[in-house]
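Here are the chains, one letter per residue:
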Amino acid sequence: MKNFRFILAIAVLLIVLVAPTFAQEPVTITYWTDPALAQPTTLPEFTQLAEFETWQAEQFMEMYPHVTVEVRGLDWPELSTVVPTALAAGDPPDILKDYLGRTSGYGAQEVTVDLFTLLPQEDIDDLLPSLVGLYTIDGSLHAMPTYFWNHAMIVNKALFDEAGLGDMIPVDDRDWTLDEFYEALTAIKAADIGVDFPYTLQVASEQGDYDFHAYIWGAGGEVWNADCTPGFDNPNTLAGLEFVNKLYQEGLINSDATTAAYADQTNNLFTGKSAVMGGGMGVLNNTIGNAITNGEVTVEMDPVIVTYPHAEGEVSGLGVGPSGFAVFDKGRSDYEMEWVTKFLLFLNSSESQVTYTQNNAQFPARASAGVPLEDDANYALTLELIQERGTENLGLACAGFGEVRVAQPPHWQAVFLGQETPEEALAALSEEAAFILDQ
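Reference entry: report on the structure contained in this document. (Residues numbered from 1 in each chain as written. Predicted model: local features only at pLDDT ≥ 70, side-chain atom pairs only at ≥ 80, totals over all residues. Heavy atoms only, no water.)

1. Quick word on the nonpolar core
The biggest cluster of nonpolar side chains holds 113 residues, and the ones touching the most others in it are Phe181 and Tyr199. Ranked by size, the runner-up nonpolar core spans 10 residues in total, among them Trp32, Leu79, Tyr106 and Phe328. (Core = buried A, V, L, I, M, F, W, Y, C linked by side-chain atoms within 4.5 Å. Buried < 20%, exposed > 50% of the residue type's maximum accessible area, 1.4 Å probe, protein only.)

Spelled out as structure tokens, the structure:
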């Protein structure tokens, strides 16, 4: 018997030693990314769209040679057009990193995979519960959040100081009323130091629309109510629209706001034509920091964070919006989905989130990522402001968000150009939103 066992053990060992090693079946994963990390501040070797993400993919492929990851970078405007076109053609990527305001639409269309069925429970438990709630649509986790931004105002205090108006900027509590804001803009323009239009804005597209919406929130109005019904019929929404229109008509907002792009806004700030623009940590640390490095800033720059102005008796919260990784349902095999999930968790590990948030000045979605920029005074200030003032409802996970969002800019343009009154614009938007939500 002992001899039999010995012979059997030897036979098994020989089989193991001489059996051919079968390579794992090849898998190709397509990964499309937004431009949020096109110029990571602590990784200066990456200067172009998707270079950083390609480097990530190369690391993953070195670990798993049977996996091929194809990376494509999309600029902000392309994300609204290229992805829907690919979906219509039946050829979306496996993984897309993008803003909740767009991925929620894909979740509502039920073209994404329910990540509750794919992700290990410990990874789900590590995500901030409020973000899991935002990303859950009809009971499905339509994407995995990775980080979130905040939105307030960036004021170049150096220009106000130059004009002797530095005391008009609320650097103590970062809070001002609509009247105080209006007086500051009027004063800096009248100072005749080259600030042609104190606040720079664009309403040419829906990109960055929270800049515009902030005046509505500050007046106590809503674009989206808590129950995901549009708030265009709210009288305070009208008051906010009337206020921002007043700024435009009096030349306190750039005259080309109806056609300007984001690059035009930043150029206005960098050259001193404007002293205030919407922004948060990303603008403060990345956009302005990179512009200074690239020699694009031609005036003294002392940027400070201030909340958007509000009416007396109102509280101006901060706009907060997360980005995440959506996995599209392409009918892939269980084996293929296993590797898509592995790559997703590689992209969205705690360590990766630390890297992301250190380089785009946002806040991580995983509790285990901690506070990556704890030594940054503005980072700490922003967290304090969020805790004190709360956040505004952007309606990111509301049904019809994307379509209602796109419907708005033409009406804001029409108001600025005198083609519609604020009342007419909001009435038209109420009708359009109702039609969209009825579909």
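2. Describing the environment of Asn236
Residue placement: Asn236 occurs in helix H11 (residues 235-249). Ignoring sequence-local partners within four residues, the contact set of Asn236 consists of Ile216, Ala219, Gly220 and Gly221. Within the structure, Asn236 has its side chain in polar contact with the backbone oxygen of Gly220 (distance 3.4 Å). (Helix = DSSP H or I, 4+ residues; strand = E, 2+ residues; numbered from the N terminus. Contact = heavy atoms within 4.5 Å. Polar contact = N/O pair within 3.5 Å; in protein donor to acceptor, adjacent residues only side chain to side chain.)

3. Thoughts on the pairing of strand S10 (residues 319-327)
Most of S10 sits out of view: 9 of its 9 residues are buried. Both faces of S10 are covered, namely the face carrying Gly319, Gly321, Ser323, Phe325 and Val327 and the face carrying Val320, Pro322, Gly324 and Ala326. Bridge count between strand S3 (residues 95-99) and S10: 5 bridges; the pairing is antiparallel. Following the sheet pairing, Tyr99 is matched in S10 by Ser323. Summarising the sheet, strand S6 (residues 143-156) and S10 pair through 8 bridges and their orientation is antiparallel. (Pairing = 2+ DSSP bridges.)

4. A closer look at the environment of Gly208
Along the chain, the position of Gly208 falls in the loop between strand S7 (199-200) and helix H10 (210-218). Assessed through its relative accessible area of 17%, Gly208 is described here as buried. Sequence separation between Gly208 and Asp123 is 85 residues; the distance between their C-alpha atoms is 31 Å.

5. Considering a negative patch on the surface
On the surface, Asp172, Asp173, Asp179, Glu180, Glu183 and Glu312 cluster together into a patch of negative charge. You can see Asp179 is positioned in helix H9 (residues 178-190). On the basis of relative accessibility, which here comes to 52%, the residue Asp179 falls in the exposed class. (Patch = residues over 30% accessible without salt bridge, like charges linked within 9 Å, V, L, I, M, F, W, Y side chains within 5 Å. Areas by Shrake-Rupley, 256 points an atom, 1.4 Å probe, with all protein chains shown as cover. Salt bridge = Lys/Arg side-chain N within 4 Å of Asp/Glu carboxyl O. Lys, Arg positive; Asp, Glu negative; His and termini not counted. Charge placed at Lys NZ, Arg CZ, Asp CG, Glu CD.)

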